[in-house]
Amino acid sequence: MHSTAEVHPLYGLMAEFETPGQLVEAARTTRLAGFRNFDAYTPYPVHELDDAMDLHDNRVSTMTFIGAVMGAIGGFGLLAWASAYAWPLNVGGRPLISVSMFIPITFECTILLGGLTAAISMILMNGLPSPYHPVFNVERFVNASRSKFFLCIESADPKFDLDRTAAFLESLGPEEIAEVAR
Amino acid sequence: MTEQSDSLNLESVQKRLAQATGKSYWRSLDELFSTAGFQEFLHREFPRQAAEWIDDDGRRNFLKIMGASLALAGLTGCVKQPVEYVMPYVEEPEKLLAGKPVFYASGYPVAGLVSPILVETHDFRPTKVEGNPEHPASLGATDVPTQASVLGLYDPDRLQAVTYLDEARSYSSFMLSFLTALSQQRASAGAGICILTETVTSPTLGAQMQEVLKQFPAAKWYQWDGQGHGRRSGAELAFGQYVNPVYKFDQADVVFSIDGNFLGSGPGTVRYARDFASRRVLRGGVTTQSRFYAVEASPTSTGSKSDHRLPLKPSQIPVFTRALAAAVSGGQASGEVSTSKFFQAAVKDLLAAKGKSIVIAGEDQSAEIHALVHFMNQALENHGKTVLLTAPLEQKATDQYADLKALVADLNGGKVDLLLIIGGNPVFTAPAEFNLRGNFQKAKTRVRLGLYEDETAEVCQWRIPETHPFEQWSDGPAYDGTMSIMQPLIAPLYGGKSAHNMLAAFTDTPEKPDYLLVREYWQSKHTGADFEAWWKRAVHDGFVKGSAAAEVTATAKMPAAEAAVAGSAMEVSFHTDPYVLDGRYANNAWLQELPRPVTRLTWDNAVVMSEKTARDLDLKDEDRVELAVNGRSVWGSVWRVPGQPDGTVGVSLGYGRTRAGRAGTGAGFNANLLRSASSPTFATGVKLKNLGEKFPLAAVQHHFLMEGRAPVREGTLAEYIKDPLFVQKETETPPAGLTILPSDWQYKGYAWGMAIDLTACNGCNACVVACQAENNIAVVGKGQVLNTREMHWLRIDRYYSGDAANPRAHFQPVGCQHCENAPCEIVCPVAATVHDAEGLNNMVYNRCVGTRYCSNNCPYKVRRFNFLLYTDWDTESLKLQRNPDVTVRSRGVMEKCSFCVQRINYAKIMAEKEDRRVKDGEVITACQATCPADAIAFGDLNDPESKVSKWKREQLNYSLLGELNTRPRVTYLAEIRNPNPAVGEES
Amino acid sequence: MSQPVELPDKIYVGPVIDEQHTLASISDKVGGVVLRRKITLGWTFGLLLSFAALQGLAGAATLLFVKGVGIWGINIPVGWGFAIINFVWWIGIGHAGTLISAILLLLNQSWRNAINRFAEAMTLFAVMCAGMFPVLHTGRPWLAYWLLPYPNTMWLWPQFRSPLAWDVFAVTTYLIISAVFWFVGLLPDLATLRDSSKKDWQKRTYGILAMGWRNSARHWQRYEKASLLLAGMATPLVVSVHTVVSFDFAVSLIPGWHTTIFPPYFVAGAIYSGFAMVLTLMIPVRKFYGLDDIITLRHLNNMAKVTLATALIVAYGYIMEAFFSYFSADKYEKFMIWNRMTGPYWWAYWTLILCNIITPQFLWSKKIRTSPGILWVISIVVNIGMWLERFVIVVTSLHRDFLPSSWGMYAPTVWDWATYVGTLGLFMFLIFLFVRVLPMITIFELRMLLPGARVKESVAR
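A brief structural summary.

Okay, the interface of chain C and chain B next. Each partner contributes to the interface: chain C provides 53 residues, whereas chain B provides 56 residues. Both sides together, the interface formed by chain C and chain B hides about 4400 Å², and carbon and sulfur atoms give 56% of it. Linking chain C with chain B are two salt bridges, by the criterion used here. Salt-bridge contacts for Lys331 of chain C lead to Glu963 of chain B; the nearest nitrogen and oxygen are separated by 3.9 Å. Where chain C meets chain B, there are 38 residue pairs in polar contact (both at pLDDT 80 or more). Counting residues per element, the side of chain C that touches chain B draws most heavily on helix H3 (residues 41-67) of chain C, which supplies four residues.

Right, dumping it as structure tokens:
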């Protein structure tokens, strides 16, 4: 037994599965078993995992919406300010704020900021770029980006106990289990 | 400085000049000229062949060398007023402020007749020419060559050094040998001396010539000029004496022109255009027009303004004229020419308007025609009323063909030891049969005083640079004899000498300056007290008030019928070019690139023929053809022009110069080679041979039909009287509110606008050159014009309507329309073209990045783009000409008409200083100022009493493409003609 | 999320991916092209050839900077020539990429997975080529940055009413968003390359690019959301871009430009030319890299169908253009269309009709749709046709507008051609590099197409 104060020598335990189905099952069981700090690794997005692991993070959408709105306001604001206040000019007898002619640029600004926020917020929320991560210490983990499916229960989880957690993983019928060094 | 005989380079030359200053400057230059190294340098820097002007790239490269060349870099640096006391046009010359132009009254002789002008000078640099508003021959306007004269002044191709057998000499060394030659002639009373001049009209020069002939009684004085023979000899033929006809078109109800171009060029053209227009325009409720019949061997801008135009083969013109003369003098007209409706209607009108009609013959017509015309005017009782006869303007009027024959005889007789050729260019302009090139060489010593190293200079050992009229004192008459005093505006750029200096050399005061010569002449003629005051006034005004030539009474007789030349299937008629004239202005790039009113061609003359003729001969535009007349032949390019009589080709003279300079050399072909003294105006039995290849012609307009779009709205006087508003009905202009972007821009202060009266405009193009001179507009060269990249801010569109074979032609000056809803402005991504508070559509060169979107979106296509570096940054002398108030544009920026914003601002500053509004007529745009026909009005639209406001209230006023709701500030007054209903569609 | 739509002719044209493939085999096959395949002579030759063509652009651009746009054939009245024609052409080609990756994603078209990466790359390169022209064609290119809104001491801003200013925003936005979308799509595949590469420098390079992606389910969840959002925004963007490009013409008042039908008909034309270009590139690639089991006849068939569909829309555009010119009873419009058909540039108009309307009718035949050779030829013809369309729109409208006095002609110079061919060179050059350094097919999305990849099926086993 280790006190939670000091850092566990291991990052966690990792189980490898052959098929996505097994992984989804395993993930669901793990969660029902009360584990929270665990993660699944798949070569492609497996949507069933969202339910199995109860993943419902909508912050990306929120951020994107805010970005887009700011783009719209900022865009139109720039045009209006530059045309009507910064240096008002009589251009072809058109009004200083020619709303209909300002729409295209406003729209483009909306998309630009919206799109950038979407991508950037996703990358940052995923904690990327991350130059180092313990899971890569597992020899066979390279297959996570190729053909295999992994489940890793992290030592940071309060219920984590090396032996019992190992036994628990064993019960999920993985190909094999590996300790994930820090 | 003989140690310096090795080849010079520019640096060393300039270094050596830099050491010298003031008087010693000139001496060191003379010494420099005499070094062998300098020859080599001179020839290296001044290549003989200069056709590179046509190829614009080559031209610019060539200019780089030229610009750096010694004379320009060295001499133009020390431009200063001459030491004599000249009189500025403004009251207090000492008030000269930097940046404030000073105007001097002077004159510019065009083929002997002096155009009265005011020359705008900036810091003593002549930059622009305006007409002298107080002079009856100008009334403020000028003709085309006069407008272009400033460029001629700064022409870097001018002869820049005294040379002997191509070796540079000092003027003093010339004087030495010249005076020696003269002294040898004293024994024989000058029997070996022969002086060939242009037509001398300057009284001072005439007096000097008499003096010379007094000193050398046996010396010969011959005159030769490219044009005006028919006019002179015709008068002599009709009246038995030389007289000068002056026409009063403002008095004429009926005008009949026989191959005349009195609106386009020739004596009095500026005043004639004004007077003629004054009887045609229908502003201010006028509902009467004079009627104008024209017979033409080749279409001219003048004929384009006629109510009825009859194309005639040149061989038919004498026949027709005789028939007309018979008919109007109460005789019986014979021949089928007299059966046409045109003929009968014209005769009827002429007879009905006795004493109120004018019959006028073309400058290029023969003496016989001119004589017949004098006879007709007499029969129609026009003499003393619409046609005044005055004493001849020439100092010695002669039949110059006879002069030339005598000269050639002398030369062949080996009688000429010393041949002095002053001005002109006889080798080029004389008919081929005189073979002056060869015959001149029979004179032992040949001295040439000329502006250029031209075809005539080529055969002379001594070449003396002549002063440009702006560099010398002189005098001369306008078309009506009113005498102008010409004062110099700048010291001779290349140390030139005037004709006065030349003739002074014959006297015992060989070095007497032309200032004294002119002044003393007038002093000798002056009666009454205080010559000084009189002289000041005359120099100040630029002319002697009330000095018009005295009227003479003379009786014309019907000239004996000459054997009529038998017509032939193909004939050619020769016409003096309205711009380069007999070729004397061939090296003026402004004139070369100025579109000819009828052909719309630049940089070339062409073999002009009608559509039908071209079809019969299976020829297309720009086909290179050989033109052969009894043995002699030239080649030119075909250009089809409607209204040219079938079976006749028209060619203009003054082209095909072989030694004109970078602009003129190689432009066009020399039609002189086809002329003969016996029939200088036309030739029959012409053979045309298709050489089976193309020679491109640089036209600025390629489509001449209005395509039912009515850019020019026209009607007849009858239609106008029946329905004064007919113009307004052609298309509707949408209401101002009709837009998805309503705005409330208002122009409360000034609102500048322009109106152009199409009835008055005769397409002379003077406005275009004026604009070019005023606004530093670049010349682009033939290559660029071929790709429709000309830069003229103002262009004169020419359309045809009616009968395809003999259509009505319409002229329409189009510059920036300064639309209030400017399409160009909204599409510019950098706001480089925007409106100002006075409604000007401003072009901001510094901001322009050159997307050309504005030009694409301009429905009038008046914007011009610097596709390449068109402005000549290198030639020093050309820099002197530029207007300091106008930005010189560089490559990659758009430009266009600015309504002469620099003039507007000048007037506004003057007004603000006096705390008042700008008065109407204070702002005069360059085009408006120079328009001989007074077809342009400009001013403040917010002033209901301004001239332009009045014009815009006329019922004939309309907007070009108004249906696009661009709201142009420029509007047009529709063109109204006064055809004779009796003639009907047979125009 | 993506179920392959059941096409009636599925049996005939086969599945979207060869059933024999496994997760591993897919990864190795596609990754192998980058990691293991030797550099072939053909590839080297192609690269050098396109590089040579690229020099045309370099030379022409240099001369242009030295002498000015006057080296081109443009004049007054035809102020725009090849530069703008090529600009519109390239931008149009770009659109197919975004359409495939964004719109088809939203539409659940799983067959897109095999081609979207390549199409997106094509988009990027095409937009790069396009972006060059607006800069080069200005009279003073070194000042072209004045079109950008940046604070400056002159206190001057662009004139935002000008469609050219709209272009600046549209094209830059399009370039940035496409690049972002493309990179986001690349992340997992870069990870795959990182993990399966043997060489150390490859590991490092792809590792840095992959930013430490580790296929975490939690990441995938946000990743998919972001992709959907990007797709959702790229879709209106791609429509807006060519709409704005069409505004360059539609907002003006020149007959032949000033028409309301331009936006839809430009967008359709863009997709049309884009798909044609995808076919032009895909057919050889799939052959040379033996990818016909991944890019199957099914794909060609579908792309051919889209091409045909857009061809019909474009045809409708042409017909409407002519009809309204007549129906408007406007003398300028009437003359414009008549001049197009019978004027000095009649050949351009009728050739474009032949290329863009007649030729694609062959695609009604399933046999032709599924025979790569013929399809490739047709795609080339369409590319030419769409270029001619822009030529006709730009030149024939300008060369004879309102005042007959100002009518003129336009003829390109050798430098016009050099610039155009040069951008073709640049485009091919980038494509050649791309297929060697990045997976030209989205591996992780391919995996999703495999039967074994579906949870229920895998459970069933």
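Here the narrative resumes, following the displayed structure.
Let's shift gears to the interface of chain C and chain A. In this assembly, 60 residues from chain C lie in contact with 71 residues from chain A. Contact between chain C and chain A buries roughly 5700 Å² in total, counting both sides, with carbon and sulfur atoms accounting for 70%. Of all residues in chain C, Arg161, Arg214 and Arg222 of chain C give up the largest surface area on contact with chain A, accounting jointly for 15% of the area buried on that side. Here chain C is connected to chain A by two salt bridges. Between Arg146 of chain A and Asp28 of chain C there is a salt bridge, and its shortest N-O distance comes to 2.4 Å. In this assembly, chain C and chain A are joined by 28 residue pairs in polar contact (both at pLDDT 80 or more). Counting only elements with at least two residues in the side of chain C that touches chain A, the list comes to helix H2 (23-35), helix H6 (163-196), helix H8 (217-250), helix H16 (443-449) and helix H17 (455-460) of chain C. Tallying contributions element by element places H8 of chain C first for the side of chain C that touches chain A, with 19 residues. Split by residue class, the side of chain C that touches chain A holds 38 nonpolar, 12 polar and 10 charged.

Moving on to the pattern of salt bridges. Residue and element names in this part refer to chain B. For the structure on display, the rule yields 74 salt bridges over all chains. One salt bridge connects Asp253 with Arg279, and the closest N-O pair in it is separated by 2.9 Å. Here Asp253 is found in the loop between strand E8 (244-247) and strand E9 (254-258), whereas its partner Arg279 is found in the loop between helix H11 (269-278) and strand E10 (291-296), with 26 residues between them in sequence. Exposure remark for Asp253: the relative accessible area of 25% places this residue in the partly exposed category. A salt bridge links Glu532 to Arg519, with the shortest nitrogen-to-oxygen separation between them at 2.6 Å. Of this pair, Glu532 sits in helix H22 (residues 531-541) while Arg519 sits in helix H21 (residues 514-525), and the two are 13 residues apart along the sequence. Assessed through its relative accessible area of 36%, Glu532 is described here as partly exposed. Among the charged side chains, a network of salt bridges with common partners joins Lys128, Glu130, Glu774 and Arg903.

Next up on the list: empty space enclosed by the protein. All names here are of chain B. Going through the model one piece at a time under the given rule, you end up with 16 cavities of 30 Å³ or more. In this model, the second largest cavity occupies a volume close to 890 Å³. If you trace the second largest cavity, you find 49 residues lining it, with Pro109, Glu198, Gly424, Glu466 and Arg584 closest to the centre. Among the elements of the structure, strand E1 (102-110), helix H7 (149-153), helix H17 (426-429), strand E15 (445-450), strand E17 (474-477) and helix H20 (499-504) are those that each provide at least two residues to the lining of the second largest cavity. Counting residues per element, the lining of the second largest cavity draws most heavily on E17, at three residues. When the residues that make up the lining of the second largest cavity are grouped by side-chain class, the tally is 18 nonpolar, 22 polar and nine charged.

Residues and elements named next belong to chain B. Relative to each other, helix H13 (residues 316-328) and helix H14 (residues 341-352) sit at 40 degrees, their axes nearing to 10 Å. In terms of orientation, H13 and H14 fall into the oblique class. As for the relative orientation of H13 and H14, their crossing is right-handed in sense. When H13 is examined against H14, the residues Phe320, Ala323, Leu324, Ala327 and Val328 are found in contact with a partner set consisting of Phe342, Phe343, Val347, Leu350 and Leu351. A per-class count over the contact of H13 with H14 returns 10 nonpolar, no polar and no charged.

Omega for the peptide link from Leu128 of chain A to Pro129 of chain A comes to -10 degrees, which places this bond in the cis form. Here the bond from Ile76 of chain C into Pro77 of chain C is cis, since omega is 15 degrees, no more than 30 degrees from zero. In this fold, Pro77 of chain C is placed in the loop between H3 and helix H4 (82-106). One non-glycine residue, Asp166 of chain B, adopts positive backbone phi at about 65 degrees. Checked against the element boundaries, Asp166 of chain B lands in the loop between strand E4 (163-164) and strand E5 (167-168). Residue classification places Asp166 of chain B among the partly exposed residues on the basis of a relative accessible area of 30%.

Moving on, we get to the pairing of strand E24 (residues 648-653) of chain B. Residue and element names in this part refer to chain B. Summarising burial for E24: six of the six residues are buried, a large majority. Burial of the side chains of E24 extends over both faces: Thr648, Gly650 and Ser652 are buried on one face and Val649, Val651 and Leu653 on the other. When strand E19 (residues 571-576) meets E24, the two strands line up parallel, connected through six bridges. By the bridge assignment, Thr576 is partnered in E24 with Leu653.

Conventions used here
- Residues numbered from 1 in each chain as written.
- Chains lettered and ligands numbered in written order.
- Predicted model: local features only at pLDDT ≥ 70, side-chain atom pairs only at ≥ 80, totals over all residues.
- Heavy atoms only, no water.
- Contact = heavy atoms within 4.5 Å.
- Buried area = accessible area lost by both parts, 1.4 Å probe.
- Salt bridge = Lys/Arg side-chain N within 4 Å of Asp/Glu carboxyl O.
- Polar contact = N/O pair within 3.5 Å; in protein donor to acceptor, adjacent residues only side chain to side chain.
- Helix = DSSP H or I, 4+ residues; strand = E, 2+ residues; numbered from the N terminus.
- Nonpolar A, V, L, I, M, F, W, Y, C, P; charged D, E, K, R; others polar.
- Buried < 20%, exposed > 50% of the residue type's maximum accessible area, 1.4 Å probe, protein only.
- 1 Å grid on protein atoms, 1.4 Å probe; cavity = no way out; pocket = protein on both sides within 12 Å on 5 of 7 lines; lining within 4 Å.
- Points joined across faces, edges and corners; volume = space filled by probe spheres on them.
- Axes fitted to C-alpha atoms, helices over the stretch in contact; angles between N-to-C directions.
- Parallel < 35°, antiparallel > 145°, perpendicular 65-115°, else oblique.
- Left-handed = near helix turned anticlockwise from the far one by under 90°.
- Pairing = 2+ DSSP bridges.

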